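For reference, the chains in residue letters:
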Protein chains: 2
Amino acid sequence: MTGAKRVLRVIAGGTRPGRVALPVATWVQERARAHGAFEVALSDLAEVGLPFFDEPEDPRTGRYVHEHTRRWSAQVTAADAVVFVVPEYNQSFDAATKNAVDFLFHEWANKPAGLVAYGGSAGGGAAVRSLVPVLRAVRMMPLPDTVVVPAVRGRLTAEGSLLPDVVLDGTLARLLDALARASGAHADLRSA
Amino acid sequence: MTGAKRVLRVIAGGTRPGRVALPVATWVQERARAHGAFEVALSDLAEVGLPFFDEPEDPRTGRYVHEHTRRWSAQVTAADAVVFVVPEYNQSFDAATKNAVDFLFHEWANKPAGLVAYGGSAGGGAAVRSLVPVLRAVRMMPLPDTVVVPAVRGRLTAEGSLLPDVVLDGTLARLLDALARASGAHADLRSA
């Protein structure tokens, strides 16, 4: 790993008004900036504004007819590592996160992925379990260090910020360390 | 089971131009009409046109602020049974199908669900496996009789119709029988 910072893109899922993904993503971004290894960028999927998948060709071809696909492709291409902030709906990930993954293919390949999930009966564990095979299908490297945030609404301040405890901060720190190591390896692979 | 026909709603996932869900859904509708137990209706999710989930409240409350949600709620409420025609993208269901399920809650409860999947490396098996826990989370009854259509593009005629073989027709017939039995039980539960 060289001294250069890795580009870490935080992808915030969920699109409903008042979504909790934003305070969780803000927490991840703050800790990632403090960590030191990363240049941090955010993709809020409600702002990215992709429609449901509408490309005529398989993303494996890399041929895109829509400008929204090319914009999304550029954001992911520029990343060395990704953190998905995923709400759990009905024992699985949300539709916006799945749709954003399905739009692309080669852009994801060999990139380490961190999963930070919340919601559901077990704090997002089912969202993590359902997303891992999807990320492997697009040739990402989902890391074993994951973060689930149980009872997330009870951790929000009146202003809507996340109040993590020492355990959550510790699990996120381990994920960021793993992403730093894995994205260093990835950058070396790319320059080889 | 009384003599009255059950309302079977076929929900076609996938939203891309040229989606194969429509020929597969047409095959399911034709066989369901010929079966005799059902009044058959189609929801083509590209036509239903739901946005990504945008209700401010949890669907478990049944409080909806958007007209598109109320329209979708009415379609599902009127069904005694549902068949999901699901494309497999990246080892899982498509985003439009997940989104359509997540929009509602009580409307799905106790209704039998048939799964007809295609695409992917194993003909849609991973789409089925990933959707079952989602349907159980909204209190549906996904039936063990499922239909996967391997090599679906090789089964399309020049006009874009599905050409099923005797094996596919047989598995669909078993699914329709199971839906007829289970939706009879459901209608009895509702009238009790």
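Analysis parameters
- Residues numbered from 1 in each chain as written.
- Chains lettered and ligands numbered in written order.
- Predicted model: local features only at pLDDT ≥ 70, side-chain atom pairs only at ≥ 80, totals over all residues.
- Heavy atoms only, no water.
- Contact = heavy atoms within 4.5 Å.
- Buried area = accessible area lost by both parts, 1.4 Å probe.
- Salt bridge = Lys/Arg side-chain N within 4 Å of Asp/Glu carboxyl O.
- Buried < 20%, exposed > 50% of the residue type's maximum accessible area, 1.4 Å probe, protein only.
- Helix = DSSP H or I, 4+ residues; strand = E, 2+ residues; numbered from the N terminus.
- Pairing = 2+ DSSP bridges.
- Right-handed = clockwise from strand over helix to strand, strands pointing away.
- Least-squares fit on C-alpha atoms with pLDDT ≥ 70 in both.
- 1 Å grid on protein atoms, 1.4 Å probe; cavity = no way out; pocket = protein on both sides within 12 Å on 5 of 7 lines; lining within 4 Å.
- Points joined across faces, edges and corners; volume = space filled by probe spheres on them.
- Nonpolar A, V, L, I, M, F, W, Y, C, P; charged D, E, K, R; others polar.

Moving on, we get to the interface of chain A and chain B. Listed per partner, the contact involves 28 residues of chain A and 28 residues of chain B. Summing both partners gives a buried area of about 2200 Å² for chain A against chain B, and 58% of it is carried by carbon and sulfur. When the buried surface of chain A facing chain B is broken down by residue, Arg16(A), Phe52(A) and Asn90(A) rank first, second and third, together holding 32% of it. Inspection of the chain A/chain B interface yields zero salt bridges.

Attention now moves to the pairing of strand β2 (residues 38–44) of chain B. If a strand is regular, its side chains alternate between the two faces of the sheet. All names here are of chain B. Most of β2 is tucked away: five of the seven residues are buried. With seven bridges connecting them, strand β1 (residues 6–12) and β2 associate as parallel partners. Bridging from a neighbouring strand, Arg9 pairs with Ala41 of β2. With helix α1 (residues 21–35) bridging β1 and the parallel β2, this β-α-β connection has right-handed handedness.

To continue, consider the relation of the copies chain A and chain B. Its rotation angle being 180 degrees, the transformation that places chain A on chain B also includes 0.0 Å of axial translation and leaves an RMSD of 0.0 Å. Those values place the two copies in the arrangement expected of a two-fold rotation axis. For chain A, the smallest separation between a C-alpha atom and the rotation axis is recorded for Ala95(A), amounting to 2.3 Å. Taken together, the interface assignments show that 100% of the residues at the interface of chain A recur at the interface of chain B, consistent with an identical surface on both copies.

Throughout the structure, instances matching the rule amount to two cavities of 30 Å³ or more. Reported here for the largest cavity is a volume of approximately 50 Å³. Forming the walls of the largest cavity are Gly14(A), Thr15(A), Tyr89(A), Asp94(A), Ala95(A), Ala96(A), Phe52(B), Phe53(B), Asn99(B) and Asp102(B). Looking at the lining of the largest cavity, the elements with two or more residues in it are α4 (95–102) of chain A together with α4 (95–102) of chain B. Of the residues assigned to the lining of the largest cavity, the class counts are five nonpolar, three polar and two charged. Put simply, the second largest cavity is a space of about 40 Å³. Listing elements by their share of the lining of the second largest cavity, those giving two or more residues are α4 of chain A together with α4 of chain B. Tallied by class, residues from the lining of the second largest cavity come to four nonpolar, three polar and two charged.

Turning our eyes to something else, we now look at the pattern of salt bridges. Residue and element names in this part refer to chain A. Evaluated as defined, the whole model comprises 14 salt bridges over all chains. Of the charged contacts in the structure, one is a salt bridge between Asp102 and Lys98, with a shortest N-O distance of 2.8 Å. With a gap of four residues between them, Asp102 and Lys98 both fall in helix α4, about one helical turn apart. Judged by relative accessible area, Lys98 falls into the buried class, the value being 0%.

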